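Here are the chains, one letter per residue:
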Amino acid sequence: MNGGVSLLVPIKPLHLAKSRLRDDRPAARHADLVSAIALDTVEAARRAAGVRAVLVVTSDPRLAESFAAVGVEVVADDPAAGLNPALEHGERVLRSRGEARIGALQADLPALRSAELAAALEQAGPERAFSADHQGTGTTLLLAAAHGALAPRFGPGSAAAHVSSGARALDGEWASLRCDVDTAADLRRATGLGLGERTAAWLAGAAGNPR
Ligand SMILES: Nc1nc2c(ncn2[C@@H]2O[C@H](COP(=O)(O)OP(=O)(O)OP(=O)(O)O)[C@@H](O)[C@H]2O)c(=O)[nH]1
Ligand SMILES: C=C(OP(=O)(O)O)C(=O)O
């Protein structure tokens with residue numbers, strides 16, 4: 001088997017996702033934005049050196065179709081019990097195929113640069129490690145040790161939870177890897193870094209059309 005990390009990318013159903021980013025725009029426009037952000041994130045991840053494969057974990061049928069159209073594999077949440085169980089399910093799927101190195105990448109990184117993700121994977125080496133978000137409290141990337149368990153502790157305060165569970169905090173600057181988008185202010189921050197093409201196109205449409 002070739003080396004490299006197989007990355008799980010979890011995404012909530014579109015009508016539930018990114019509620020903090022929701023404003024008064026129609027539900028379909030919000031779904032388009034969440035979808036564009038996730039597709040840009042996965043596209044950048046797939047191109048990163050050291051990434052062997054990406055497996056999206058989502059029960060959303062439209063997302064499943066969009067990812068299938070660009071050749072990305074999707075599995076549904078099983079059970080539908082929240083983020084960490086979704087990741088543990090994805091981990092079981094990858095382990096059943098003999099994947100040695102597994103990680104989880106958040107789906108809300110629309111400015112992600114492949115080179116920054118590659119640098120984080122390189123710095124982690126074979127260890128269980130994570131990248132905190134730009135606020136230092138959340139987690140944007142968690143890597144299991146080679147042949148080790150992912151043991152995801154995503155949720156409020158996940159950076160501290162990952163440290164407590166023995167993961168090493170990666171310390172590169174990596175602004176694009178740390179720039180998760182939960183709010184409108186985060187989206188402006190990501191725009192300053194340079195958005196992926198689908199999110200940029202969504203924003204151009206938002207500027208040019210009534211919402
Ligand atoms: N497959 C799956 N992904 C999830 C689930 N819960 C959260 N996620 C994803 O995990 C990532 C981190 O979650 P959050 O940043 O809290 O995103 P969110 O829940 O969509 O945002 P808010 O509604 O604003 O809390 C996002 O990519 C979510 O879509 C879940 O139950 N299943
Ligand atoms: C679930 C997480 O994401 P967010 O902080 O974006 O909600 C996390 O960082 O663990």
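Quick notes on the rules
- Every chain begins its residue count from 1, and numbering advances along the sequence as written.
- Going through the entries in the order they are written, you letter the chains from A and number the ligands from 1.
- Per-residue local features are limited, in this predicted model, to residues with pLDDT of at least 70; the limit for side-chain atom pairs, both in listing and counting, is 80 or more; totals at the level of whole chains, interfaces and linings are taken over all residues.
- Note that water and hydrogens are dropped before the side-chain values are worked out from all heavy atoms of the structure.
- Each residue is placed in one exposure class: buried if its accessible area under a 1.4 Å probe, protein chains only, is under 20% of its type's maximum, exposed if it is over 50%, and partly exposed if it falls in between.
- Under the DSSP-based scheme used, a helix requires at least four consecutive residues in state H or I and a strand at least two consecutive residues in state E, with every element numbered from the N terminus.
- In this scheme, strands are said to pair when DSSP sees at least two bridges between them.
- UniProt positions are given in the numbering used here, feature names are shortened, and annotations may be inferred rather than shown by experiment.
- Should any heavy atoms of two residues lie within 4.5 Å, those residues are counted as being in contact.

### With respect to the pairing of strand S1 (residues 5–10)
Working step 1: When you tally the buried positions in S1, you get 6 out of 6 residues, the bulk of the element.
Working step 2: Burial along S1 is two-sided: Val5, Leu7 and Val9 and Ser6, Leu8 and Pro10, pointing in opposite directions, are all buried.
Working step 3: Taken together, the 6 bridges between S1 and strand S2 (residues 51–57) define a ladder with parallel strand orientation. Opposite serine 6, over in S2, you have alanine 53 as the bridge partner.

### So, the UniProt feature "binding site: phosphoenolpyruvate" (unreviewed entry) in the protein
Working step 1: Mapped onto this structure's residue numbering, the UniProt feature "binding site: phosphoenolpyruvate" (unreviewed entry) falls at Thr139, Gly155 and Ser158. Spatial clustering of the annotated residues is evident: they stretch over 20 residues in sequence, but the largest pairwise C-alpha distance comes to 8.5 Å.
Working step 2: Position of threonine 139 among the secondary structure elements: in strand S6 (residues 139–143).
Working step 3: According to the relative accessible area criterion, threonine 139 is buried, its value standing at 3%.
Working step 4: Residues contacting threonine 139, with those up to four places away along its chain left out, are Gln106, Phe130, Ser131, Ala132, Asp133, Phe154, Ser158, Ala159 and His162.
Working step 5: Within the fold, serine 158 resides in helix H5 (residues 158–164).
Working step 6: The exposure class assigned to serine 158 is buried, which follows from its relative accessible area of 2%.

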